[in-house]
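A closer look at the structure
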Amino acid sequence: MELNIIREQVDRLGRPGLPMLRREIARHERREAYVKLALGALAGLLAVTGAIIIVTNLWVTLLQVDGSSMNPLLRMDEVILAVNTDNPAKNDVIAFYHNNKLHIKRVIAAAGELVNIDDNGMVTVNGRPLAEPYVAQPSRGSCDIPFPYQVPDGTVFVLGDNRPSSLDSRDSRFGPVPKEQIVGRVVFRLWPLRGGSKL
């Protein structure tokens, strides 16, 4: 039935000429090219988005600094990159959760080590004083745990570089950080770029 209708319309309108056929073919080819280009761009965008999601979930995490406890190394609102790990080394700057809030501090001692902080803010681990060039002003800070303090299994002892104003493992409300709460090791400052971005 449809074929008969098409034949009637062609007979009524007449057969198209060669120039008209060429224009129609070119129009169809352009439309197909645009569709292919749009589908290719969409597929590329989806692939890049998928790769970013996989990378950020498996290997790295983007974070924004909130607070001053790591001054002068990290400042408020800076954007940083953390490599996902739950096994940081001493002196690593780590991001972790405490009471459902993200914190950034420096690992001072691992499980089983003895930490001591004297009245002047001098930190010793296993009886050896720490060289801490990153600390602008040593301070005992908010400290209510008994020293020397042995770091419990499965945790790390953390301090902020800005010792007078950092709430960290020196305070029993905070305590040592369980490894399962660690998000990752902070390795790179993405924004703003100041004095070298690698930490």
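Residues numbered from 1 in each chain as written. Predicted model: local features only at pLDDT ≥ 70, side-chain atom pairs only at ≥ 80, totals over all residues. Heavy atoms only, no water.

**A word on the overall build of the protein**
Across its full length, the protein holds 2 helices and 11 strands. Along its sequence from the N terminus, the protein presents helices and strands in the succession α-α-β-β-β-β-β-β-β-β-β-β-β. When the 199 residues of the protein are sorted by exposure, 32% land in the buried category. Taking as baseline every contact in the protein between residues at least 6 positions apart, the subset at least 24 positions apart corresponds to 59%. For the protein, the accessible area works out to roughly 12700 Å², and carbon and sulfur atoms hold 58% of it. (Helix = DSSP H or I, 4+ residues; strand = E, 2+ residues; numbered from the N terminus. Buried < 20%, exposed > 50% of the residue type's maximum accessible area, 1.4 Å probe, protein only. Contact = heavy atoms within 4.5 Å. Areas by Shrake-Rupley, 256 points an atom, 1.4 Å probe, with all protein chains shown as cover.)

**As for the pattern of salt bridges**
Pairing is possible between side chains of opposite charge, provided their charged atoms come close. Counted by the stated rule, this structure contains 8 salt bridges. The partner of aspartate 161 in a salt bridge is arginine 106, with the nearest N and O atoms 2.7 Å apart. Of this pair, aspartate 161 sits in the loop between β9 (155-159) and β10 (177-178) while arginine 106 is found in strand β4 (residues 101-109), placing the two residues 55 residues apart along the sequence. Note on arginine 106: relative accessible area 6%, which makes it buried. Among the salt bridges present, the one from arginine 173 reaches aspartate 171, with a minimum N-O distance of 2.7 Å. (Salt bridge = Lys/Arg side-chain N within 4 Å of Asp/Glu carboxyl O.)

**Regarding a nonpolar patch on the surface**
Nonpolar side chains collect at one region of the surface, where Val35, Leu39, Leu42, Leu45 and Leu46 lie side by side and expose about 500 Å² of accessible area between them. Position of leucine 39 among the secondary structure elements: in helix α2 (residues 18-58). (Patch = residues over 30% accessible without salt bridge, like charges linked within 9 Å, V, L, I, M, F, W, Y side chains within 5 Å.)

**Some points on the side chain of arginine 189**
For arginine 189, the location among the structural elements is in strand β11 (residues 182-191). Looking at arginine 189, its side chain comes within polar contact range of the main-chain oxygen of leucine 73, at 2.7 Å. Among the polar contacts made by the side chain of arginine 189, one reaches the side chain of glutamate 78 at a distance of 3.3 Å. (Polar contact = N/O pair within 3.5 Å; in protein donor to acceptor, adjacent residues only side chain to side chain.)

**Regarding unusual backbone geometry**
For the peptide bond that leads from asparagine 71 to proline 72, omega is 5°, which places it in the cis range. Along the chain, the position of proline 72 falls in the loop between β1 (60-64) and β2 (79-84). Phi is positive for aspartate 77, close to 75°, though the residue is something other than glycine. Among the structural elements, aspartate 77 can be located in the loop between β1 and β2. Assessed through its relative accessible area of 46%, aspartate 77 is described here as partly exposed. Backbone geometry places asparagine 126, a non-glycine residue, at a positive phi of 55°. With respect to the helices and strands, asparagine 126 occurs in the loop between β6 (123-125) and β7 (128-129). The exposure class of asparagine 126 is partly exposed, given its relative accessible area of 37%.

**Observations regarding the pairing of β4**
In terms of burial, β4 is a largely internal element, 7 of the 9 residues being buried. The hairpin formed by strand β3 (residues 93-98) and β4 contains 2 residues between the paired strands, and asparagine 99 there has a positive phi angle of roughly 55°. When β4 meets β9, the two strands line up antiparallel, connected through 3 bridges. Each bridged residue has a counterpart across the sheet, and for alanine 109 the counterpart in β9 is phenylalanine 157. (Pairing = 2+ DSSP bridges.)

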